[in-house]
Amino acid sequence: KNTVNVLGIEFINKNFNEVIEILKNNIQSNKKSFVVTANPEIAMFAYEHPDYNAIVQLADMVVPDGIGIVMASKILNTPIQERVAGFDLTVRLLELGNEHKWRIYLLGGKEETNKKAVANIASRYPQLQIVGSHHGYFDWKEGIVTEEIQAAKPDIVFVALGYPRQEEWIVENLPRFSKGLFMGVGGSIDVLAG
Ligand code: UDP
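This text gives an overview of the structure that appears in the document. On a predicted model such as this, the values are computed, not experimentally measured, just so you know.

Thresholds applied
Residue positions are given per chain, counting from 1 as you read along its sequence in written order. Residue-level local features of this predicted model are given only where pLDDT is at least 70; pairs of side-chain atoms are given and counted only at 80 or more, and the full residue set underlies all totals for whole chains, interfaces and linings. Between N-to-C directions, angles cover 0 to 180 degrees, with each direction set by a line fitted to C-alpha atoms, over the stretch in contact for helices. Secondary structure follows DSSP: runs of H or I at least 4 residues long count as helices, runs of E at least 2 residues long count as strands, and numbering of each begins at the N terminus. Roughly parallel means an angle under 35 degrees; roughly antiparallel means over 145; roughly perpendicular covers 65 to 115; every other angle is labelled oblique. Think of it this way: build a C-beta for each residue from its backbone, and any pair within 7 Å is a contact. All amino acids are sorted into three groups, where Ala, Val, Leu, Ile, Met, Phe, Trp, Tyr, Cys and Pro are nonpolar, Asp, Glu, Lys and Arg are charged, and the leftover types, Gly among them, are polar. A set of buried residues qualifies as a nonpolar core if it consists of Ala, Val, Leu, Ile, Met, Phe, Trp, Tyr and Cys joined through C-beta atoms within 7 Å. Counts of 20 or more other C-beta atoms within 10 Å of a residue's own C-beta define buried residues, counts of 12 or fewer define exposed ones, and intermediate counts define partly exposed ones; C-beta atoms are placed from the backbone.

## Observations regarding the packing of helix 2 (residues 40-48) against helix 3 (residues 50-57)
Here comes step 1: The contact between helix 2 and helix 3 brings their axes to 5 Å, and the two run at 120 degrees. Of the possible angle classes, the one that applies to helix 2 and helix 3 is oblique. For the pair helix 2 and helix 3, contact is made by Phe-45, Ala-46 and Tyr-47 and by Tyr-52, Asn-53 and Val-56, respectively.
Here comes step 2: Taken together, the residues that form the contact of helix 2 with helix 3 break down as five nonpolar, one polar and no charged.

Structure below.
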């Protein structure tokens, strides 16, 4: 089976490289997609909050970001192949982006964190096109950030607003984009800035 249900969420049941292949194909064929990297905290939060759960259900793919999810799947007798960590996906996508000159946009984090992450990414992945970035403390209703991202036409938008905000922002704004991989990356931006 391609997905395994844990706590009401359909987690993808593929290994890391297979997941990367799917995302790469989506990007290269300009297919818009929304990915949730759900750790046990996120899964529990969705279980307890119907509004957030409804948002997670809209994802094109939910990856099991944590051994806790994999262990739960085993206890339920529907084992997931392996853990797929959001941070590992982010790093691999940056590497692939560097290889294929993808356009990325980095949304979220404090202003300093965002700047540092952009600088580190730019120096580590020189062929990657960082087509824009914005810190994560802005007024969603204004729509200026969304317009800026639309104009930048990124292949990947990394959204680091923490959960549940990052997934809420993605679902609210996704209809305004025609392509791009949208993925909530939570604290990954802090690691990339470090
Ligand atoms: N963040 C943000 N805007 C917000 C709230 C959080 O940009 O309104 C950023 C925060 O600065 C940090 C990242 O989101 O860089 C992850 O935040 P947190 O650790 O709270 O989220 P989690 O890792 O639990 O998803």
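## Focus: the nonpolar core
Here comes step 1: Residues Phe-11, Ala-38, Val-62, Val-63, Phe-158 and Val-159 are the most contacted members of the largest nonpolar core, which totals 51 residues.
Here comes step 2: Among the elements that line this core, the one with the most residues is strand 7 (residues 156-160), at five residues.
Here comes step 3: Setting aside residues up to four positions removed in sequence, Val-62 forms contacts with Ile-9, Glu-10, Phe-11, Ile-12, Val-36, Ala-38 and Val-56.

## Digging into unusual backbone geometry
Here comes step 1: Along the chain, Tyr-163 connects to Pro-164 via a cis peptide bond; the corresponding omega equals 0 degrees.
Here comes step 2: Along the chain, Pro-164 turns up in the loop between strand 7 and helix 8 (165-173).
Here comes step 3: Its identity as a non-glycine residue notwithstanding, Lys-101 has a phi of 55 degrees, on the positive side.
Here comes step 4: The residue Lys-101 is located in the loop between helix 5 (86-100) and strand 5 (103-108) in this model.
Here comes step 5: Although it is not a glycine, Lys-153 adopts a positive phi angle of roughly 45 degrees.
Here comes step 6: If you trace the backbone, Lys-153 turns up in the loop between helix 7 (144-152) and strand 7.
Here comes step 7: Classification of Lys-153 by C-beta neighbours within 10 Å gives partly exposed; the count is 15.

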